[in-house]
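Inside the fold
For reference, the chains in residue letters:
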Amino acid sequence: MYNGIGASAGIGIGSVVIVKEPNLDYQRVTIKDASAEESRFQAALNATIAKTQAMAEDMRKRVGEKEAEILEGHMLLLMDPEMTGQIVNSIKENLMNAEAAVEQTCNMYRDMFASLDDEMFQQRATDVNDIKTRLLKDLLGVEEVDLGNLPENTILVAEDLTPSMTASLNAENVAGILTEIGGRTSHSAILARALEIPAVLSIPDITNKVAGGDKVVLDGDKGVVYVNPDDSVVAEYTEKRRVFLEEKAALQKFVGKPTETADGHRVELCANIGKPEDAKKVVECDGEGIGLFRTEFLFMDRPQVPTEDEQFDAYKTVAETLGADKPVIIRTLDVGGDKEIPYLNLPKEENPFLGYRAVRLCLNREEDIYRPQLRALLRASAFGDIRIMVPMITCVDELRRVKQILSELMTELDAKEIPYNKDIKVGIMVETPASMIMADAFAAEADFFSIGTNDLTGYTMCADRGNPDVAYLYSAYNPAVIRSIERTIKLGKEGGAIVGMCGEAAADPLLAPLLLAFGMDEFSVSATSILTTRKVISLWTMEEAKAVAEKALTFVTEAEVKAYLESVAKK
Ligand code: PEP
Ligand code: MG
């Protein structure tokens, strides 16, 4: 049995498929038979072209035209006689083996494109690198798992689950996910929950501890994993899975109900999304709005910054899917830290979580990144109740600067008679100790707060959310975190801001009485947690919640707070 972090609830039973970064090591040798080597290269080239073509067609069907065009660009490069001619030349004249010839030529083209100061050429450099990897895989006969074609009841085992993996995943065949890194609030966990796939993360070296085809049983709530268990374990967990699915079905009775405590105190229950398509799921799960649209997903898995029009379409789609009367809080780009975007060419940092991320980067890249995004948001605000949220705020001046840019953009739009919501609400994520401490000052200038407990916990406890060695510190039950939440809600509300929470703690049933008692206005959880959260809230009266909160605030250790909240939890 292995233990990890239970990151997406449910029981998974199935067979292992391992997804690993391929090993593309090879020996550089001087060849003897140049024409045989040339044929080997041609065969690999043809195979790469055929696969790229198939991927482009698949992408067109499943994702969209624009994404397919990227792969078609790869096809053009692969068929470019100049580049392939140089590879063949290196084989014939310099007697290089095909792998070395491919690598040398592709690197040369890549460096040439990369040195040109133009976005399109920068993109070409990335494309050439991609092609090089695919050609090398075909030359070396490295097989890759086809994530779009997994057998039924697959337990996917990987070092990490990336957004690009989930984009191609046929999720209905995946019974569970196991990874080596990541915690409850890592993006892999958020993605697994969005797909409703049970997942256990942070199991050291799991990709080497299991073999393809092994039978696995996992509990995505408790974080336990059995490899090739005996029949009694399989029977026990098959029954647990039945109960889990039954309880999930029973939640349907909360559809269409208001979100309120047992004594009628109403709160707003919204959802977190990563892609415009996710908005449909929020409506299906009866969410009352979007409390966090993580726009960084629009910027990931693509070769360049999405244009203002592409962003406008995405934001408008979400607003229209929700309908004009439902709030849609869209967070401006939050990259850096654990969220990487290769084409932004961000500097490598010693301490990425304390570095150049989110609003810091945006305010430094106003022209190419921030203004187009804010303009797209303003234009989309004519189509629904869009609200703008700024992440990683630490100083009041950052918020002021964002508002200044917005007002300049509004003047521009007015001049062009482009419609937008002139009263658009602008708020901040409270996810740094600095913004928590300055909550009164921020409340005077922000329309709303959304407490980002994922980062607030990390920054308060000085513990990285994805690092298993400090996972014992990374807990929202720490009194320091609880007090920070209480203070933020209190000062935010006193200052007239609407206060919500979009960190994972908003969906934690143990914390619900505290958040209610502190006076939080809005809970934003993953779409799949909406009904459970509505149920949990319905179990408490405000009086009971206040008594629990008062007592919980007297404890000074995480373990005491947690044990106390567990002892009073309602089911
Ligand atoms: C948070 O920090 O709580 C949050 C919601 O943002 P993210 O998880 O995207 O950093
Ligand atoms: Mg955050």
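Residues numbered from 1 in each chain as written. Chains lettered and ligands numbered in written order. Predicted model: local features only at pLDDT ≥ 70, side-chain atom pairs only at ≥ 80, totals over all residues. Heavy atoms only, no water.

1. Description of the packing of helix α22 (residues 542-552) against helix α23 (residues 558-568)
Interaxial distance between α22 and α23 falls to 10 Å at its minimum, and their mutual angle equals 160°. As judged from the angle between their axes, α22 and α23 are roughly antiparallel. By crossing handedness, the relation of α22 to α23 is classed as right-handed. Packed against α22, whose contacting residues are Ala-547, Val-548, Lys-551 and Ala-552, the element α23 presents Val-561, Tyr-564, Leu-565 and Val-568 at the interface. Per-class residue counts for the contact of α22 with α23 are seven nonpolar, no polar and one charged. (Axes fitted to C-alpha atoms, helices over the stretch in contact; angles between N-to-C directions. Helix = DSSP H or I, 4+ residues; strand = E, 2+ residues; numbered from the N terminus. Parallel < 35°, antiparallel > 145°, perpendicular 65-115°, else oblique. Left-handed = near helix turned anticlockwise from the far one by under 90°. Contact = heavy atoms within 4.5 Å. Nonpolar A, V, L, I, M, F, W, Y, C, P; charged D, E, K, R; others polar.)

2. Things to note about the pattern of salt bridges
All chains considered together, the criterion is met by 37 salt bridges. Here Arg-379 makes a salt bridge to Glu-308, at a shortest N to O gap of 2.7 Å. Taken together, the residues Arg-379 in helix α14 (residues 366-380) and Glu-308 in helix α12 (residues 308-322) connect sequence positions 71 residues apart. Judged by relative accessible area, Arg-379 falls into the buried class, the value being 16%. Several salt bridges converge on common partners, so that one network encompasses Glu-296, Arg-331, Asp-334, Arg-357, Asp-455 and Arg-465. (Salt bridge = Lys/Arg side-chain N within 4 Å of Asp/Glu carboxyl O. Buried < 20%, exposed > 50% of the residue type's maximum accessible area, 1.4 Å probe, protein only.)

3. Examining the site of ligand 1
In the vicinity of ligand 1, 14 residues are found, and the nearest of them are Arg-294, Arg-331, Gly-452, Asn-454 and Arg-465. Here an oxygen atom of ligand 1 and a backbone polar atom of Gly-452 are 3.3 Å apart. Note that an oxygen atom of ligand 1 is positioned 3.0 Å from one of the backbone N or O atoms of Asp-455. Look at ligand 1: alone it shows 290 Å² of surface, and the protein chains cover 100% of it. Among the elements of the structure, β10 (290-294) and α18 (453-461) are those that each provide at least two residues to the shell around ligand 1. Looking at the shell around ligand 1, its residues break down into three nonpolar, five polar and six charged. (Near = heavy atom within 4 Å. Polar contact = N/O pair within 3.5 Å; in protein donor to acceptor, adjacent residues only side chain to side chain. Areas by Shrake-Rupley, 256 points an atom, 1.4 Å probe, with all protein chains shown as cover.)

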